[in-house]
Amino acid sequence: MLSLEEILERLNTEDESVEIEAKRGSDVGKSIQTTVSAFSNEPDQNGGFIVLGIVRNEDTLKYEVVGVRNLDEIKTTIATVCRENFNIPIRPNITTETDDGKTVVIVYIPEAEPQQKPVFIKSKGVKTGAYRRISSTDQRCTDEDLMLFVRLKDQR
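Residues numbered from 1 in each chain as written. Predicted model: local features only at pLDDT ≥ 70, side-chain atom pairs only at ≥ 80, totals over all residues. Heavy atoms only, no water.

### Topic: the overall build of the chain
Secondary structure summary: the chain contains 5 helices and 8 strands in total. Counted from the first residue to the last, the chain has its helices and strands arranged as α-β-α-β-β-β-α-β-β-α-β-β-α. Here the C-alpha atoms of the chain give a radius of gyration of 15 Å, agreeing with the 15 Å that 2.2 N^0.38 yields for 156 residues. Sorting the 156 residues of the chain into buried and exposed places 44% on the buried side. Contacts in the chain between residues at least 24 apart in sequence constitute 64% of all its contacts with a sequence separation of at least 6. Side chains of the chain give 21 positive and 27 negative charges; the mean places of these two sets differ by 7 Å. (Helix = DSSP H or I, 4+ residues; strand = E, 2+ residues; numbered from the N terminus. Rg over C-alpha atoms; globule rule 2.2 N^0.38 Å. Buried < 20%, exposed > 50% of the residue type's maximum accessible area, 1.4 Å probe, protein only. Contact = heavy atoms within 4.5 Å. Lys, Arg positive; Asp, Glu negative; His and termini not counted. Charge placed at Lys NZ, Arg CZ, Asp CG, Glu CD.)

Next comes the structure, spelled out in C-alpha coordinates:
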(Lines give C-alpha, C1' and ligand atoms only; values in the text may rest on other atoms or scores of the structure.)
Protein backbone atom coordinates (compact mmCIF):
# COMPACT_ATOMS: atom_id res chain seq x y z
CA MET A 1 0.00 0.00 0.00
CA LEU A 2 1.38 3.39 -0.95
CA SER A 3 1.37 6.22 1.57
CA LEU A 4 -0.08 9.65 0.79
CA GLU A 5 3.47 11.04 0.70
CA GLU A 6 4.53 8.41 -1.88
CA ILE A 7 1.42 9.02 -3.97
CA LEU A 8 1.97 12.79 -4.04
CA GLU A 9 5.62 12.29 -4.97
CA ARG A 10 4.69 10.00 -7.86
CA LEU A 11 1.91 12.29 -9.06
CA ASN A 12 4.22 15.31 -9.01
CA THR A 13 7.04 13.54 -10.84
CA GLU A 14 5.11 11.25 -13.20
CA ASP A 15 1.51 12.61 -13.20
CA GLU A 16 -1.38 10.12 -13.18
CA SER A 17 -0.31 6.71 -14.37
CA VAL A 18 -1.28 3.13 -15.01
CA GLU A 19 -1.45 2.66 -11.23
CA ILE A 20 -2.67 6.01 -9.79
CA GLU A 21 -5.80 8.07 -10.51
CA ALA A 22 -6.37 11.31 -8.57
CA LYS A 23 -9.85 12.76 -8.11
CA ARG A 24 -11.33 15.66 -6.19
CA GLY A 25 -13.76 13.27 -4.51
CA SER A 26 -16.86 15.43 -4.50
CA ASP A 27 -18.89 12.83 -6.43
CA VAL A 28 -17.72 9.23 -6.27
CA GLY A 29 -20.73 7.22 -7.41
CA LYS A 30 -20.52 6.74 -11.16
CA SER A 31 -17.30 8.67 -11.65
CA ILE A 32 -15.09 5.88 -10.33
CA GLN A 33 -16.74 2.93 -12.05
CA THR A 34 -14.64 3.01 -15.22
CA THR A 35 -11.43 3.27 -13.18
CA VAL A 36 -12.43 0.38 -10.92
CA SER A 37 -13.10 -1.77 -14.00
CA ALA A 38 -9.80 -0.70 -15.60
CA PHE A 39 -7.66 -1.39 -12.51
CA SER A 40 -9.40 -4.74 -12.03
CA ASN A 41 -8.81 -5.80 -15.63
CA GLU A 42 -5.33 -4.61 -16.56
CA PRO A 43 -3.14 -7.73 -16.82
CA ASP A 44 -0.05 -8.00 -14.62
CA GLN A 45 -0.41 -4.52 -13.06
CA ASN A 46 -1.66 -5.74 -9.64
CA GLY A 47 -4.45 -3.19 -9.57
CA GLY A 48 -4.19 0.49 -8.77
CA PHE A 49 -4.98 3.40 -6.48
CA ILE A 50 -7.82 5.87 -6.70
CA VAL A 51 -6.99 8.85 -4.51
CA LEU A 52 -9.81 11.19 -3.51
CA GLY A 53 -9.12 14.67 -2.18
CA ILE A 54 -6.20 15.57 -4.44
CA VAL A 55 -6.32 17.96 -7.40
CA ARG A 56 -3.81 19.28 -9.89
CA ASN A 57 -3.17 23.00 -9.57
CA GLU A 58 -3.19 24.23 -13.15
CA ASP A 59 -1.00 27.24 -12.28
CA THR A 60 1.83 25.25 -10.67
CA LEU A 61 1.09 21.93 -12.43
CA LYS A 62 1.56 20.24 -9.05
CA TYR A 63 -0.90 18.00 -7.25
CA GLU A 64 -2.11 19.23 -3.90
CA VAL A 65 -4.31 17.99 -1.11
CA VAL A 66 -7.74 19.61 -0.92
CA GLY A 67 -9.36 16.96 1.26
CA VAL A 68 -12.81 15.43 1.10
CA ARG A 69 -16.02 16.11 2.95
CA ASN A 70 -18.55 13.53 4.13
CA LEU A 71 -15.82 10.97 4.75
CA ASP A 72 -18.09 8.17 5.98
CA GLU A 73 -20.52 8.68 3.09
CA ILE A 74 -17.69 8.55 0.54
CA LYS A 75 -16.21 5.35 1.98
CA THR A 76 -19.64 3.70 2.14
CA THR A 77 -20.48 4.73 -1.43
CA ILE A 78 -17.19 3.36 -2.76
CA ALA A 79 -17.63 0.02 -0.98
CA THR A 80 -21.24 -0.26 -2.16
CA VAL A 81 -20.46 0.66 -5.77
CA CYS A 82 -17.65 -1.90 -5.83
CA ARG A 83 -19.87 -4.61 -4.36
CA GLU A 84 -23.03 -4.01 -6.39
CA ASN A 85 -22.26 -2.36 -9.72
CA PHE A 86 -19.97 -4.93 -11.36
CA ASN A 87 -20.39 -8.45 -12.67
CA ILE A 88 -18.34 -9.65 -9.68
CA PRO A 89 -17.99 -8.00 -6.27
CA ILE A 90 -14.83 -5.90 -6.02
CA ARG A 91 -13.28 -5.70 -2.55
CA PRO A 92 -11.34 -2.44 -2.34
CA ASN A 93 -8.93 -1.59 0.46
CA ILE A 94 -10.06 1.85 1.66
CA THR A 95 -7.81 3.88 3.95
CA THR A 96 -7.54 7.53 4.93
CA GLU A 97 -4.63 9.83 5.64
CA THR A 98 -4.57 13.41 6.83
CA ASP A 99 -2.31 16.18 5.58
CA ASP A 100 -2.46 19.61 7.24
CA GLY A 101 -5.95 18.86 8.58
CA LYS A 102 -7.28 17.70 5.20
CA THR A 103 -8.36 14.08 4.81
CA VAL A 104 -7.58 12.05 1.71
CA VAL A 105 -9.21 8.72 0.86
CA ILE A 106 -6.90 6.14 -0.71
CA VAL A 107 -8.70 3.28 -2.45
CA TYR A 108 -6.67 0.30 -3.62
CA ILE A 109 -8.45 -1.75 -6.30
CA PRO A 110 -6.89 -5.21 -6.68
CA GLU A 111 -6.40 -6.87 -10.05
CA ALA A 112 -9.04 -9.53 -10.64
CA GLU A 113 -8.05 -13.15 -11.16
CA PRO A 114 -7.87 -14.21 -14.85
CA GLN A 115 -10.99 -16.39 -14.53
CA GLN A 116 -12.96 -13.33 -13.30
CA LYS A 117 -12.05 -11.04 -16.20
CA PRO A 118 -13.35 -8.99 -17.78
CA VAL A 119 -14.76 -7.04 -14.87
CA PHE A 120 -17.50 -4.82 -16.25
CA ILE A 121 -20.19 -2.39 -15.14
CA LYS A 122 -23.36 -4.50 -14.98
CA SER A 123 -25.70 -1.78 -16.21
CA LYS A 124 -23.62 -1.34 -19.39
CA GLY A 125 -22.90 -5.00 -20.12
CA VAL A 126 -19.61 -6.55 -21.16
CA LYS A 127 -19.41 -4.87 -24.60
CA THR A 128 -19.55 -1.27 -23.31
CA GLY A 129 -18.87 -1.62 -19.59
CA ALA A 130 -15.43 -3.27 -19.52
CA TYR A 131 -12.32 -1.08 -19.36
CA ARG A 132 -8.53 -1.35 -19.35
CA ARG A 133 -6.00 1.02 -17.81
CA ILE A 134 -3.79 2.36 -20.57
CA SER A 135 -1.25 4.86 -19.26
CA SER A 136 -3.31 7.36 -17.24
CA THR A 137 -6.60 6.65 -19.02
CA ASP A 138 -9.50 4.24 -18.74
CA GLN A 139 -10.12 2.80 -22.20
CA ARG A 140 -13.21 0.83 -23.17
CA CYS A 141 -12.26 -2.74 -24.03
CA THR A 142 -12.16 -3.63 -27.69
CA ASP A 143 -13.17 -7.01 -29.08
CA GLU A 144 -9.45 -7.87 -29.11
CA ASP A 145 -9.17 -7.01 -25.41
CA LEU A 146 -12.12 -9.26 -24.59
CA MET A 147 -10.52 -12.09 -26.58
CA LEU A 148 -7.26 -11.52 -24.65
CA PHE A 149 -9.13 -12.16 -21.39
CA VAL A 150 -10.50 -15.41 -22.81
CA ARG A 151 -6.99 -16.50 -23.81
CA LEU A 152 -5.59 -15.59 -20.39
CA LYS A 153 -8.32 -17.65 -18.72
CA ASP A 154 -7.41 -20.63 -20.87
CA GLN A 155 -3.66 -20.27 -20.19
CA ARG A 156 -4.03 -20.17 -16.42
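On we go.
### What about the nonpolar core?
Judged by nonpolar contacts, the single largest core of 22 residues is most densely connected at Val-36, Ile-50, Leu-52, Ile-78, Ile-90 and Ile-109. Counting only elements with at least two residues in this core, the list comes to α2 (33-41), β2 (48-52), α3 (71-84) and β6 (102-109). Top element by residues in this core is α3. It accounts for 4 residues. Those residues within four positions of Ile-78 in sequence are excluded, and the remaining contacts are Val-28, Ile-32, Leu-52, Pro-92, Ile-94, Val-105 and Val-107. In terms of nonpolar packing, the next biggest core, distinct from the first, is built from 14 residues, Leu-2, Ile-7, Leu-8 and Tyr-63 among them. (Core = buried A, V, L, I, M, F, W, Y, C linked by side-chain atoms within 4.5 Å.)

### Observations concerning the pairing of strand β4 (residues 62-65)
Alternating positions in β4 separate cleanly, Tyr-63 and Val-65 being buried on one face and Lys-62 and Glu-64 remaining unburied on the opposite face. Alignment of strand β3 (residues 54-57) against β4, held across 4 bridges, turns out to be antiparallel. If you follow Ile-54 over to β4, its bridge partner there is Val-65. (Pairing = 2+ DSSP bridges.)

### Overview of the layout of surface pockets
Empty pockets left among the atoms are what a rolling probe the size of a water molecule brings to light. In this structure, the largest pocket occupies an estimated 200 Å³ of space. If you trace the largest pocket, you find 13 residues lining it, with Gly-25, Ser-26, Asp-27, Arg-69 and Ile-74 closest to the centre. For the lining of the largest pocket, the class distribution of residues is 3 nonpolar, 6 polar and 4 charged. (1 Å grid on protein atoms, 1.4 Å probe; cavity = no way out; pocket = protein on both sides within 12 Å on 5 of 7 lines; lining within 4 Å. Points joined across faces, edges and corners; volume = space filled by probe spheres on them. Nonpolar A, V, L, I, M, F, W, Y, C, P; charged D, E, K, R; others polar.)

### A look at the pattern of salt bridges
One pass over the full model with this rule turns up 10 salt bridges. In this structure, Arg-83 and Glu-84 form a salt bridge, with 2.4 Å as the shortest nitrogen-oxygen distance. A residue is classified by how much of its surface remains accessible, and Arg-83, at 38% relative accessible area, is partly exposed. Asp-145 is paired through a salt bridge with Arg-132; the nearest N and O atoms lie 2.8 Å apart. One end of the pair, Asp-145, is in helix α5 (residues 143-155); the other, Arg-132, is in strand β7 (residues 131-134), and 13 residues separate them in sequence. Here Arg-132 falls in the buried class, since its relative accessible area comes to 13%. When salt bridges with common partners are traced through the structure, they connect Glu-21, Lys-23, Arg-133 and Asp-138 into a single cluster. (Salt bridge = Lys/Arg side-chain N within 4 Å of Asp/Glu carboxyl O.)

### Considering the state of the cysteines
In this structure the tally under the stated criterion is 0 disulfides. Left without a disulfide partner, Cys-141 is nearest to the cysteine sulfur of Cys-82, which lies 17 Å away. (Disulfide = S-S within 2.5 Å.)

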